[in-house]
Amino acid sequence: RMLIKAVSETYSSSLDNVKKKFAELGDLGLVCQQFVAKQKTLFSFAAAPKKNKQYLDIMEVYYGIIEIAQSTLQGGQGTSKRKVAAIKKLLLSAANSCEDQKEDGKITKEEVGNQVKFLARIIEGRGLRAGILETTILCAVARAKIIYDWRQRQNLASQQNQPSPPIPTESILKDAEKTLKQAIGEMPSFEVIIPMLLEYGINKLKEN
């Protein structure tokens, strides 16, 4: 109910209209996507932030979701209002461009629509509906970290006129996956593990 209220306030539509569309589509992500598509300008959304950046940052989404969760955990008077405000803030953070066509690196309304579609699904707790399991995400994160670190070493070697480091092998990538899965198994909290992964890397993750 709070998500429906947040969608209503974000896109300046009545609660009845949002509920009607939700009943038709069965997916609040698609409802949000439709609202974006019908807006003449993305900044006609209530208090849409005018930012000079291209895409939603993954950490912005992460901390937005944490803020929504914390607004619930705080409890007490005004909990619902805080949660609705936090959801609105995250949905509005997707409205970064008012361009209908690709121009100067800005994103189109279609791309913003895709962003809010998946944001709403995540907030609703129904997942991305993209056939992606948590284990798949863990494997992708582990591989991305290994490749990122390799590229950093490659850039440094290039600047110092040194030989390029060897490309990570499939064996190294699979070991990274195994290490991250074990870490999550021992400490089942992405909020703890991911910052440690970024700070220490895969190889020093377990000892830290």
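Cut-offs and rules
Counting from 1, residues in each chain are numbered in the order their sequence is written. Residue-level local features of this predicted model are given only where pLDDT is at least 70; pairs of side-chain atoms are given and counted only at 80 or more, and the full residue set underlies all totals for whole chains, interfaces and linings. Think of the side-chain values as coming from all heavy atoms in the structure, minus any hydrogens and water. The axes are straight lines fitted to the C-alpha atoms, using for helices just the contacting stretch, and the angles between their N-to-C directions are given from 0 to 180°. Numbering of helices and strands starts at the N terminus; helices are DSSP runs of H or I of at least 4 residues and strands are runs of E of at least 2. Here the word oblique covers every angle except those under 35 degrees (roughly parallel), over 145 (roughly antiparallel) and from 65 to 115 (roughly perpendicular). Contacts were defined at the residue level, with two residues in contact if any of their heavy atoms lie within 4.5 Å. Here the term charged refers only to Asp, Glu, Lys and Arg, the term nonpolar to Ala, Val, Leu, Ile, Met, Phe, Trp, Tyr, Cys and Pro, and the term polar to all other amino acids, Gly among them. Only centres within 6.5 Å qualify two rings of Phe, Tyr or Trp (six-membered ring in Trp) as a pair; their planes then separate them into stacked at under 30 degrees, edge-to-face at over 60, and tilted for everything else. Only protein chains enter the accessibility calculation, which uses a 1.4 Å probe; a residue whose area is less than 20% of its type maximum is buried, one above 50% is exposed, and one in between is partly exposed. We call a set of buried Ala, Val, Leu, Ile, Met, Phe, Trp, Tyr and Cys residues a nonpolar core when their side-chain atoms join them within 4.5 Å. Handedness of a helix crossing follows the sense of rotation of the near helix relative to the far helix, less than a right angle counterclockwise being left-handed and clockwise being right-handed. Confidence of the predictor at the level of single residues is given by pLDDT, which spans 0 to 100. Each patch is built from residues that are more than 30% exposed by relative accessible area and take part in no salt bridge. Like charges join if they lie within 9 Å; nonpolar side chains (Val, Leu, Ile, Met, Phe, Trp, Tyr) join within 5 Å. A 1.4 Å probe and the Shrake-Rupley method give the accessible areas. Residues count as covered only by the protein chains that appear here. The term salt bridge refers to a pairing of a side-chain nitrogen on Lys or Arg with a carboxyl oxygen on Asp or Glu at a separation within 4 Å.

**Quick notes on the packing of helix H4 (residues 58-74) against helix H5 (residues 79-92)**
When two helices pack together, you describe them by how their axes are tilted relative to each other and by the distance separating the axes.
No. 1: Close contact between H4 and H5 brings their axes to 8 Å; oriented N to C, the two are set at 175 degrees. Judged by the inter-axis angle, H4 sits roughly antiparallel to H5. Contacts between H4 and H5 involve Glu60, Val61, Gly64, Ile65, Glu67, Ile68, Ser71, Thr72 and Gln74 from the first element and Thr79, Arg82, Lys83, Ala86, Ile87, Lys89 and Leu90 from the second.
No. 2: Taken together, the residues that form the contact of H4 with H5 break down as six nonpolar, five polar and five charged.

**A short note on the packing of aromatic side chains**
No. 1: Scanning all chains against the criterion turns up two aromatic pairs.
No. 2: The interplanar angle of 70 degrees and the centroid separation of 5.2 Å between the aromatic rings of Tyr62 and Tyr63 together place this pair among those described as edge-to-face.
No. 3: The exposure class assigned to Tyr63 is exposed, which follows from its relative accessible area of 52%.

**Side note on the nonpolar core**
No. 1: Formed by 23 residues in total, the largest nonpolar core has its most connected members in Val7, Tyr11, Val18 and Val116.
No. 2: Mapped by element, the contributors of at least two residues to this core are helix H1 (2-10), helix H3 (28-38), H4, H5 and helix H6 (109-124).
No. 3: The residues touching Val7, leaving out its near neighbours within four places in the chain, are Val18, Val31, Cys32, Phe35 and Leu91.
No. 4: Listed in part, the 13 residues of the second largest apolar core include Ala142, Leu173, Ala176 and Leu180.

**Observations regarding the packing of helix H8 (residues 170-186) against helix H9 (residues 190-200)**
No. 1: Interaxial distance between H8 and H9 falls to 9 Å at its minimum, and their mutual angle equals 140 degrees. Seen along the crossing, H8 lies across H9 with a hand that is right-handed. Here Leu180, Ala183 and Ile184 of H8 come into contact with H9, specifically with Phe190, Ile193 and Leu197.

**So, the confidence of the model for the chain**
Should the pLDDT be low somewhere, the predicted coordinates at that spot are not to be read in detail.
No. 1: Across the chain, the average pLDDT comes to 79, with 81% of residues at 70 or higher.
No. 2: Confidence drops under a pLDDT of 50 for residues 46-53, and excluding neighbours within four residues, the segment shows 19 contacts in the predicted structure.
No. 3: Segment residues 97-102: pLDDT under 50, and 17 contacts once partners within four positions in sequence are set aside and those in other chains are kept.

**Looking at the side chain of Ser71**
No. 1: By the secondary structure assignment, Ser71 is in helix H4.
No. 2: The buried category is assigned to Ser71, whose relative accessible area is 5%.
No. 3: Those residues in contact with Ser71, other than ones at most four positions away along the chain, are Thr79, Arg82 and Lys83.

**Looking at H1**
No. 1: Of the positions making up H1, those classed as buried are Leu3, Ile4, Ala6, Val7, Ser8 and Thr10.
No. 2: On its buried side, H1 packs onto helix H2 (15-25), H3, H5 and H6.
No. 3: Looking one or two residues beyond H1, the residue adopting positive phi is Ser12, at roughly 50 degrees.

**Quick word on the environment of Ile194**
No. 1: The topology assignment puts Ile194 in helix H9.
No. 2: Each C-alpha atom of the pair Ile194 and Leu180 lies 9.5 Å from the other, and the pair is 14 residues apart in sequence.

**Digging into a nonpolar patch on the surface**
No. 1: A contiguous nonpolar surface patch, about 340 Å² in accessible area, is contributed by Ile58, Met59 and Tyr63.
No. 2: The residue Met59 is located in helix H4 in this model.

**Some points on the environment of Val7**
No. 1: Topologically, Val7 is positioned in helix H1.
No. 2: On a C-alpha basis, the gap between Val7 and Gly29 in space is 9.9 Å, while along the polypeptide they are 22 residues apart.

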